[in-house]
Amino acid sequence: MNGKEFSIPLLSSVDELTLKPRSPDQFYVKDVENIESMSENQLNKLLDELSLKIKRSLCLNITQNDAFDPFFSILLKFSSTNRYSGMIDRIFNLLVTSIKSLIESVSDALKNFKNEDTIKFSQHKNAAKMYIFLLHWFLVQSKKLPSTTKSKPTATRGKGAKKPKKGEEEAEVHSWDQDSQKEQILSQLTTILDLDLYTIWRNNNPEEPFTDLIAKIGYFYMEDSASMKNKSIRASLNTLMSILVIKYGQLTGITQSLVHFINKHEFMITPSAELVEHVTKTGESSQLAGNVIREIGKTSSKDFERDTNGAKNISSFLIELAERIPKEILSNISVLIPHLDGEAYQIRSAVIQILGVLIVKVLSSSESSLETKESFLDILEERVRDIKSFSRSRALQTWEYLVENKMIPTDRDESVLDLAIGRLQDTTVHTRKCALSLVSAFVTYNRYGPILILSELKDRLKLEQAKLKNMKDEEDAEQNAEEAKQLKVVQILTSASKFVEKIHSSIPIICQFLASKNSTEVQDAIDFFVVIHSFGIQEAQTGIRKMLALVWSGEAPVKEKVISAYGDLYLTIENPLKIAKNLIHLTEGANLGDLTSMEELMTEMMKKGRIAKGVIQALWDCFSMKVPKITPLESRGALIVLSMLANADPHLVKNKINLLVQVGLGERWKEDAYVARYTCITLQKLVPKDKEEKAAFKRLNPKHKLFENLSEVISDQSVNQTNWYGCAEQAISTIYALSENPDRICAKIVQDLATNLFPSLNEDSMQQDLLQCSVSELSKFFFIVGHVALKQLVHIEEIQTELRRRRGDNHDQKKTKENRTAIEEELGVHAAQEETETERLQAFAEREIIGNNLIGIFGPAVALVSSNAGKKFNDQSLRTCAVLALCKLMCVNQEYCDKHLQLLFTILHNAPEPEIRANIVICLGDLALRFPNLIDPWLKEVYSQLKDKDIKVRKNSLMVLSHLILNDMIKVKGQISEMAICLEDPDPRISDLSKLFFLLFSKKENNVYNILPDLISNLSTSCSHESFKNIMKYLFSFIKKDRQMENLVDKLCARIRTSTDDQSNGIFYCLSLLNFNDKALKKLCENSKLFLSKLGDNEIRGYINSIISKSKKFAKVEMKDVIAELEAKVNHATEDGDPEEETKDAEMVTPKPESTASKRGKTRGTRGARGGTARGKVSTRGAKKNTKVQSDSEEEMGYDSSSSDGEVPQKKPTRKQVVESSSESESEDERPVKKGASTKKVQTSEEDSDSSESEEEKPKKSAAKPKSKKVESDSNDSSESEEEKPVKRGATRGRGRG
């Protein structure tokens, strides 16, 4: 090289090295080899020669042109070497080996250093610059190669494409891509920087391009995600960069590069934080940390807002950096605080979390920084009210972090807890979750102790305050010190009481979380109640009791969480007796819903094996009162729990029948009727639920002591009347469940009671006998008569089912399927025989129970008392029992039902007692299932109960109608508008039930869509305007299909002309609720003549304008003309003052400009011109091409092309076809058939709502209709939709009997 200086060029201008410089001391490339034309052998030969020239001790020869020029030539045409396998690996290995040799050479030279060796050091310096330049150039060029990176995305192979050969994927991993080689390169660069470069550069620091080049090699690896996953590579990079920063002044460049990498790559967050930490701790310098923080701090908030990914990465980096080097962050926090006022919520959230980290890690022990800590806490309080939910959540999380580390001053507890409780009602789920977690943390890490029972705290506070008052009365020096201590105790107890009161105030809010749609929020609420229960907070029982209902949740995680929570609360104690008492106490104060949910919970726990045998035995001991100090109430609770557990394992009761009879049906039940009731419920669990096991179940002998005691319970007249009914009901049910001959036992009971009440049993003297009877005894007798009749019917049906099963088994044994003739199978002879036999048995059962039996004798007496004949039976309890018995007898026998149905509805209409009306409504639901043809004409009366003054009656009516409609037992008629009005019921339970009904109703086909037009007409005149809006807003949320919206526009517009002002207002409001697509907007424009006359009303005009403005926001280019046309029509109608002229103008055809579309419309008929709209120039060929496709699709969809497209006119339908189509789409087509067959009806889906039949098919179908009269219905039912499904009489009747 002869002392020539090598200047490191930029890679973008590397060709300048081939130009001869002006200075003779400047090195340049003299000979560029033609690498592209070389064969593999020639290239290998060139590399062989090159390796000999720079081998080991000859590594300094790189400064000669005969060594550097070949290297330069290869890298200049680097891509051409890739065509030869292993060539690039060889080039790389040669470079790495030579650099290693250079390091050894420089090290030896420095050991033998003499002042006169400056020329030799010049050669070392140039060699170092050349090797580093070549290495960097090689890495950059290798990155450009398509097959050299491991992360190269593989192309998706199509069908028939060749699979890659073995070894192809492995060939992509070259030597420079291996982690070991990367570590070696970084290690060599670190070694070079550790050398005494000051001496080699002749008592000067290396020039900046040289250190920049080394830094760029480090950056090269930093941008590689695979390299950053390797801890060894990251450690080597940290060492390299720290030397560049501390020793060679690369602070600015590395700072800017780090910030750039963090912004660009998410994987650089942790490595960058590690690097800054390494430089700070090993170099004992915070310059890099300060520079990076200041570089981030000076970035404008708008830049962060534009680059959301970059802002997210920066925020994560700052948080991690604060965790690693908090002191350096605190020193530069002043540049980050201003970002709290910026728009980038990610940076705000990061600063919030950083403040919490600084308080815990830096400001916790330093008293001098108390002012700074207080200012940070003020900021955190303020940020809980941040405008962005993410920042609010982060502030709450930071407070939770401070609570866990006990870093909140005592005087701030109250204010922060208030903030957390306030955020429990935040609008976003995540913020509420964080607020709940913070409140839970306050309880978990409280400063007042493990027991937080408010009553005990207040009692203790009163005692301590009294002590303090006594101390103040005595004056003494020593007493003053004691007084100070006592004052502190009083302050702590006062704070503790306030703290627990605030937790109590949050519980009603958190209970609402249990009803959340978000399962995570529900589970968090469950965890919260478990936590506060462990601290003895009394109000926790409120939430724990409400958690019970979640055992029915359809979401498996929620159900599992509830079961797990109750297990943790009540089953984690080692003492079985304590566990038993815990379960007993859970039954105290529980209502029917709680007990039902608890039964499901106990069943699930029993199935999972969480109830130990010792606990079950302890429950039996508590029930039999063998446990000392057990109360009768606790004994009853143990029986309730045992009945629940028996639901999962009936064997628990099998060996305890005698104990149950002796204790539960002994003398105790007269003092506590509930004991007898739950004893009966427990005994009923002996009957298996499985059909096969139930058939094999062996019933008890009628002479068993059990039935003697049960008969005594039913016949006893000394028990409190209120408690007796539930007890007697379960006793009768137990007799029918367990006895071999329940009818004989119950017949004797009824006969004995009747003999005492009616000695003559004469129908003529029945009324006189009834008047002489005791009201209490007669009420109980009617109750028994009704319930026995019902249970006897169920019992006979069970016998029928068992007979059919046995007959079927015998039939299969005697006659196989091969013996049955094909004709018998086809005609269903055997099925008909079985059906006939079933009907015979059914008629026999009804006749025997009502007609000839003892119970049938008292049917008239029940009706007589129910009707309050002569106003002689005015006792409410008596009439309630009589009406209930009447309902049950009507459910048993169709003839009796038909005879007294008028009486039942008269009682429903006139009865002043809400209990009677509520019972009748439930009975009507049962009758509708059993005898649908009898109840159908009376459904209007059932709907009218939705307006009853009593909440219970309204609730029962809504539940019964919902059940019948959702199970297709009754047809949806015009009265469904009464159910819609229930959406606005003042009682939240009724409004919630109504919402649930419509939610389930909407899941079936197009139910809500079909009823909407009639609902709008009915509700717009029958409820307030505000209620109408709320109801429609809820119902229209179920209209999501485009086709439904398009058809609704047509249907609603058609009703406008004949509607009243209130109805028109309602229709336009409903139109404004729709999300108009292109077709819907066209339909609205085409129907504009129907509503322009109504635009004189300001409110209606506002609705139309809102539709237009919404459509403009999302309109496509081709729709702008339609919107403009509609807007012009509206404006014209609004400006015209004469309403009659408005109507005339609306009915006239508006002339269109002479465009291509309009000319084409004229040539194809006036109808096409009238239906079309100017849409710009349209190709005639395109219109012809689309004609066939459009007409076919529109014929299937069932609407005219002129109304849907406006370009291709179709043949105008005749008036007859229009009427037929209208009748098919607006009303239903009921077709009665022969007696005994199911009533069927033409049903159309959403796609067939406008008839899809051809003109030829319609007359055929019309002719095929039977000439039978339709069943007349109310005028309100005339607008039933075509998609309603009537009750199939045969099927319904069969279900009712089953």
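For the structure given in this document, a descriptive report is provided here. Because the structure is a prediction, the values reported are computed rather than measured.

Thresholds applied
- Residues numbered from 1 in each chain as written.
- Predicted model: local features only at pLDDT ≥ 70, side-chain atom pairs only at ≥ 80, totals over all residues.
- Heavy atoms only, no water.
- Helix = DSSP H or I, 4+ residues; strand = E, 2+ residues; numbered from the N terminus.
- Buried < 20%, exposed > 50% of the residue type's maximum accessible area, 1.4 Å probe, protein only.
- Contact = heavy atoms within 4.5 Å.
- Areas by Shrake-Rupley, 256 points an atom, 1.4 Å probe, with all protein chains shown as cover.
- Axes fitted to C-alpha atoms, helices over the stretch in contact; angles between N-to-C directions.
- Parallel < 35°, antiparallel > 145°, perpendicular 65-115°, else oblique.
- Left-handed = near helix turned anticlockwise from the far one by under 90°.
- Nonpolar A, V, L, I, M, F, W, Y, C, P; charged D, E, K, R; others polar.
- Polar contact = N/O pair within 3.5 Å; in protein donor to acceptor, adjacent residues only side chain to side chain.
- Phe/Tyr/Trp six-rings, centres within 6.5 Å; stacked < 30°, edge-to-face > 60°.
- Lys NZ or Arg CZ within 6 Å of the ring centre and 35° of its normal.
- Core = buried A, V, L, I, M, F, W, Y, C linked by side-chain atoms within 4.5 Å.
- Patch = residues over 30% accessible without salt bridge, like charges linked within 9 Å, V, L, I, M, F, W, Y side chains within 5 Å.
- Salt bridge = Lys/Arg side-chain N within 4 Å of Asp/Glu carboxyl O.

Topic: the overall build of the protein chain
Summing up its helical and strand segments, the protein chain has 68 helices and 2 strands in all. Here the protein chain, with 1298 residues, has 49% of them falling under the buried criterion. Long-range pairs, those at least 24 residues apart, make up 73% of the contacts in the protein chain between residues at least 6 apart in sequence. Here the protein chain displays about 65,200 Å² of accessible surface, and carbon together with sulfur accounts for 49% of that area.

Structural notes on the packing of helix α9 (residues 208-222) against helix α11 (residues 231-246)
Two numbers describe how α9 lies on α11: the axes approach to 11 Å, and their chain directions differ by 150 degrees. Here α9 lies roughly antiparallel to α11, going by the angle between them. You can see that α9 and α11 cross each other, and the crossing is left-handed. Of the residues in α11, those in contact with T211, I214, A215, G218, Y219, Y221 and M222 of α9 are L237, L240, M241 and L244. Residue composition of the contact of α9 with α11, by class: 9 nonpolar, 2 polar and no charged.

Focus on the side chain of N868
Topologically, N868 is positioned in the loop between α45 (859-866) and α46 (876-892). Residue N868 is classed as buried on the basis of its relative accessible area, which comes to 11%. At 2.7 Å, the side chain of N868 forms a polar contact with the backbone nitrogen of F873. Polar side-chain contacts of N868 include one of 2.9 Å to the side chain of N874. Discounting chain neighbours no more than four positions away, the residues touching N868 are F873, N874 and R879.

Digging into helix α33 (residues 657-664)
By the burial criterion, the buried members of α33 are I657, L660, V661, V663 and G664. For α33, the secondary structure elements touched by its buried residues are α30 (613-623), α31 (632-646), α32 (651-654), α34 (668-671), α35 (673-684) and α37 (705-715).

Some points on the packing of aromatic side chains
Any pair of aromatic rings gets described here by the distance separating the centres and the angle formed by the planes. Per the counting criterion, the structure on display carries 29 aromatic pairs. Consider the rings of Y345 and F390, whose centres lie 5.0 Å apart with planes at 20 degrees: the pair is stacked. You can see Y345 sitting in helix α18 (residues 345-361) and its partner F390 sitting in helix α20 (residues 389-404), a full 45 residues away along the chain. By relative accessible area, which is 45% here, F390 ends up partly exposed. Between F997 and F998, the aromatic rings sit 4.9 Å apart at their centres with planes inclined by 70 degrees, giving edge-to-face as the arrangement. Of the two residues, F997 and F998, both sit in the buried class. Each residue in the set F6, F27, F68, F72, F133 and W137 is aromatic and connected to the rest through ring pairs, giving one cluster. Taking NZ or CZ as reference, R677 lies 5.9 Å from the ring centre of Y678, over its face. The residue whose ring lies beneath K888 is F783, and the NZ or CZ to ring-centre distance is 5.0 Å.

Regarding the nonpolar core
By size, the foremost hydrophobic cluster in this structure holds 376 residues, and its most contacted members are F68, F782, L927, F998 and M1032. Sequence-distant contacts of L927, that is, excluding residues within four places in its chain, are made with M890, C891, C897, L901, L904, P932 and I935.

Regarding a nonpolar patch on the surface
Together, L996, L999 and L1000 line one region of the surface with nonpolar side chains, adding up to about 230 Å² of accessible area. As for its placement among the helices and strands, L999 is situated in helix α53 (residues 988-1002).

Remarks on the pattern of salt bridges
This structure, assessed with the given rule, holds 47 salt bridges. Among the salt bridges present, the one from R879 reaches E913, with a minimum N-O distance of 3.1 Å. In this pair, R879 is assigned in helix α46 and E913 in the loop between α47 (894-910) and α48 (914-930), connecting sequence segments 34 residues apart. Exposure class is identical for R879 and E913. Each is buried. If you follow the salt bridges from partner to partner, you end up with E5, K125, K129 and E207 in one network.

Thoughts on unusual backbone geometry
Of note, K406 is a non-glycine position whose phi angle comes to about 55 degrees, a positive value. Looking at the element boundaries, K406 is found in the loop between α20 and α21 (413-423). A relative accessible area of 58% means that K406 is categorised as exposed. For M625, which is not glycine, the phi torsion reads 60 degrees and is therefore positive.

Considerations on the side chain of S1059
Structurally, the position occupied by S1059 is in the loop between α56 (1042-1056) and α57 (1061-1073). Reaching out from S1059, the side chain makes a polar contact with the backbone oxygen of I1056 at a distance of 2.6 Å.

Some remarks on the packing of helix α13 (residues 269-282) against helix α14 (residues 287-297)
One can describe the packing of α13 onto α14 by two numbers: an axis separation of 8 Å at closest approach and a directional angle of 140 degrees. Accordingly, the angle class assigned to the pair α13 and α14 is oblique. Facing V276, V279 and T280 of α13, the residues of α14 in contact are L288, A289 and V292. For the contact of α13 with α14, the residue count by class is 5 nonpolar, 1 polar and no charged.

Notes on the environment of L659
Residue position: L659 is located in helix α33. The partly exposed category is assigned to L659, whose relative accessible area is 22%. Contact partners of L659, with chain neighbours within four places excluded, come to W620, F623, S624 and G664.

Spatial relationships are all this shows, so hold off on functional conclusions.
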